[in-house]
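Architecture and fold: a report
Here is what each chain is made of, one letter per residue.
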Amino acid sequence: MAVRVSGENFGGEVLQAKGLVLADFYSDSCVPCKRLSPVLAEIEEEYSESVFAVKININFDTELAEQYGVTSVPTIVFFKNGDEVSRLGSPIKKADIAAVIENLK
């Protein structure tokens, strides 16, 4: 299950992480975000050796959303060794996420 991060622990969980991090910027009231949740659970299970997933609620962490230019949800931002390396915006399909992971791992 993805780890919930906030501005307080984002640096340690995402920017200082070794390897690939999938950061899911979402909102509780977003229907596409809710549809994406089980897809992300499948991705986490299938790629547990190569990707670490985190969730960032834009309603509570607006500064992070602004800092990373997230203007709509869901948005997935991929970080590798602390640097943003790719991103996906809505609509997001499992195949698209898998392709990015395969390309970056």
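The coordinates are above.
Let me begin by describing the structure that accompanies this report. Remember, it's a predicted structure, so these values are computed and weren't measured experimentally. For every chain, the first residue of the written sequence is number 1, and numbering continues from 1 along that sequence. Given that the model is predicted, a residue must reach a pLDDT of at least 70 before its local features are reported, and side-chain atom pairs must reach 80 or more before they are shown or counted; all residues, however, enter totals for whole chains, interfaces and linings. By convention in this description, side-chain values take in all heavy atoms of the structure and omit both hydrogens and water.

1. Some words on the packing of aromatic side chains
Aromatic rings considered in pairs are described by the distance between their centres and by the relative angle of their planes. Where we set the bar: Two aromatic rings from Phe, Tyr or Trp, using only the six-membered ring of Trp, form a pair when their centres are within 6.5 Å; if the ring planes differ by under 30 degrees the pair is stacked, by over 60 it is edge-to-face, and anything between is tilted. Each helix is a run of DSSP H or I of at least 4 residues and each strand a run of E of at least 2, with the numbering of both proceeding from the N terminus.
As enumerated under the stated definition, the model contains three aromatic pairs in all. Their ring planes at 80° and their centres at 5.8 Å tell us that F10 and F79 sit as a pair that is edge-to-face. Separated by 69 residues along the polypeptide, F10 in helix α1 (residues 10–15) and F79 in strand β4 (residues 75–80) bring together distant segments of the chain. Between the aromatic rings of Y68 and F79, the centroid separation amounts to 5.3 Å while the plane-to-plane angle is 85°, which identifies the pairing as edge-to-face. One end of the pair, Y68, is in the loop between α3 (62–67) and β4; the other, F79, is in strand β4, and eleven residues separate them in sequence.

2. Quick word on unusual backbone geometry
In most cases, non-glycine residues show a negative phi, while peptide bonds are predominantly trans. Cis geometry is adopted by the peptide bond preceding P74, which originates at V73 and carries an omega value of 0°. Here P74 is to be found in the loop between α3 and β4. Cis geometry is adopted by the peptide bond preceding P91, which originates at S90 and carries an omega value of 0°. As for its placement among the helices and strands, P91 is situated in the loop between β5 (83–89) and α4 (94–104).

3. Considering the pairing of β4
Put simply, the rule reads: Three labels apply to residues, based on accessible area from a 1.4 Å probe with only protein chains included: buried if under 20% of the type maximum, exposed if over 50%, partly exposed otherwise in between. Only when DSSP finds a minimum of two bridges between them are two strands counted as paired.
Where burial is concerned, most of β4 is hidden: five out of the six residues are buried. Both strand β2 (residues 20–26) and β4 contribute to a ladder of six bridges, which runs antiparallel. By the bridge assignment, A23 is partnered in β4 with V77. Pairing between β4 and β5: six bridges, direction antiparallel. The residue bridging I76 from the neighbouring strand is L88, located in β5. Connecting β4 to the next strand, β5, in antiparallel fashion are two residues, including N81 with a positive phi near 50°.

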